[in-house]
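Chain by chain, the residues run as shown.
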Amino acid sequence: MTPKHPSESLTVLTDLVLPSETNALNNLFGGELLARMDRAASISAGRHSRRIAVTVSVNHVAFNKAVPLGSVVIIEAKVSRSFKTSMEIYLDVWIEERESGERTKSNEAIYTFVAVDEMGKPVEVPQIIPETKLEIHRYDDALRRKQLSLLLAGKIKPEEATELKALFV
Ligand SMILES: CC(C)(COP(=O)(O)OP(=O)(O)OC[C@H]1O[C@@H](n2cnc3c(N)ncnc32)[C@H](O)[C@@H]1OP(=O)(O)O)[C@@H](O)C(=O)NCCC(=O)NCCS
């Protein structure tokens, strides 16, 4: 399988925050943002693998800044690293200022997707070659995040989490 670059899976989702999507403080409801990020990540994983891709884990979400009603929200998703059948998708969320067009980073998230066949069985995906400094940084850290996610899910034993252990020695 020919390796791909993260830019080939870039997915940009731009949408407004409407009244039905806000909480009591008139800010975007967290679950709505999670759903939007899941959609963007799903498209990104599909672009990388050219397969059906399903969410297997949400590894990290940081709601750093409230997103007010009426905001223009931009979600950028890219595959940061692929393994055998799974892909880590890194999401950056921005709010676009209406008048200046300036962007402020509001959130970040990391999702893991698995490529599957029509029977839902995991299938292999292309490897990834990071290009930019940020892509290389995210690629390098992804194995540690995968091991942490598998450890928390009880799918590997602590002694198998070699990348995590290396942080403490
Ligand atoms: C995703 C799914 C197909 C994986 O099937 P499985 O039998 O567990 O397959 P495996 O154990 O071989 O795992 C497949 C890959 O996912 C990875 N994975 C599994 N659980 C993970 C977790 N919690 N965090 C990170 N990666 C995980 C495995 O490490 C493996 O990666 P690799 O092949 O790249 O090394 C299956 O769990 C499933 O269908 N889940 C439901 C998906 C879904 O419906 N999502 C929508 C949410 S409602």
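Owing to the predicted nature of the structure, the values given are computational and were not obtained by experimental measurement.

The UniProt record annotates "domain: HotDog ACOT-type" (unreviewed entry) at residues 7-119. The span residues 7-119 shows a helical share of 18% and a strand share of 48%, and its end C-alpha atoms are spaced 29 Å apart.

Here we come to the site of the ligand. Close to the ligand lie 18 residues, the nearest being Phe83, Lys84, Thr85, Ser86 and Ser149. The dominant element in the shell around the ligand, judged by the number of residues it contributes, is strand 2 (residues 52-63), at four residues. Taken together, the residues of the shell around the ligand break down into eight nonpolar, seven polar and three charged.

Here we take up the nonpolar core. Counting residues in hydrophobic clusters, the biggest one holds 30 residues, and the most contacted among them are Met37, Ala41, Ile89, Leu91, Tyr111 and Phe113. Elements with a contribution of two residues or more to this core: helix 1 (30-49), strand 3 (72-82), strand 4 (86-96), strand 5 (103-116) and helix 2 (133-152). With seven residues, the top contributor of residues to this core is strand 4.

Quick look at the sheet that holds strand 5 now. Reading across the sheet, the five strands line up as 1-3-4-5-2 and stay open at both edges, with antiparallel pairing between neighbours. The sheet is open, and its two edges are formed by strand 1 (11-16) and strand 2, each paired on a single side. Going from strand to strand, the sheet's axes swing by 25 degrees on average, the running direction of each strand aside. Bridge count for strand 1 against strand 3 is six bridges, and the pairing is antiparallel. Considered in strand 3, the bridge of Thr14 is made with Ile74. In the packing of helix 1 onto the sheet, contacts are made with strand 1, strand 2, strand 3, strand 4 and strand 5, and the angle to strand 3 comes to roughly 45 degrees. Contacts between helix 2 and the sheet are confined to strand 2, strand 3, strand 4 and strand 5, with strand 3 contributing the most and set at about 75 degrees to the helix.

Before going further, it helps to spend a moment on unusual backbone geometry. Not every positive phi belongs to a glycine, and Asn26 is a case in point at roughly 65 degrees. Topologically, Asn26 is positioned in the loop between strand 1 and helix 1. By C-beta crowding, Asn26 is classed as exposed, having 12 other C-beta atoms within 10 Å. With phi around 55 degrees, Arg50 is a residue other than glycine that occupies positive phi space. Tracing the backbone through its elements, the reader meets Arg50 in the loop between helix 1 and strand 2. Judged by local crowding, Arg50 falls into the exposed class, with 11 C-beta atoms found within 10 Å.

Reading the values: the criteria
- Numbering of residues begins from 1 in every chain and follows the order in which that chain's sequence is written.
- Where totals are concerned, whole chains, interfaces and linings use all residues; where local detail is concerned, this predicted model gives features only for residues with pLDDT of at least 70, and gives and counts side-chain atom pairs only at 80 or more.
- UniProt positions are given in the numbering used here, feature names are shortened, and annotations may be inferred rather than shown by experiment.
- In this text, helices come from DSSP runs of H or I with a minimum length of four residues, and strands from runs of E with a minimum of two, each type numbered from the N-terminal end.
- Note on definitions: a residue is near a molecule or strand provided its C-beta atom, placed from the backbone, lies within 6 Å of it.
- Lys, Arg, Asp and Glu make up the charged group, whereas Ala, Val, Leu, Ile, Met, Phe, Trp, Tyr, Cys and Pro make up the nonpolar group; the residues left over, Gly among them, are polar.
- By our criterion, buried Ala, Val, Leu, Ile, Met, Phe, Trp, Tyr and Cys residues that link up through C-beta atoms within 7 Å make up a nonpolar core.
- Labels follow a simple rule on C-beta atoms placed from the backbone: if 20 or more others lie within 10 Å of a residue's own, it is buried; if 12 or fewer, it is exposed; otherwise it is partly exposed.
- In this scheme, strands are said to pair when DSSP sees at least two bridges between them.
- As a rule, the C-alpha atoms of each element are fitted with a line to give its axis, helices using only the stretch in contact, and angles between N-to-C directions run from 0 to 180 degrees.
- Think of it this way: build a C-beta for each residue from its backbone, and any pair within 7 Å is a contact.

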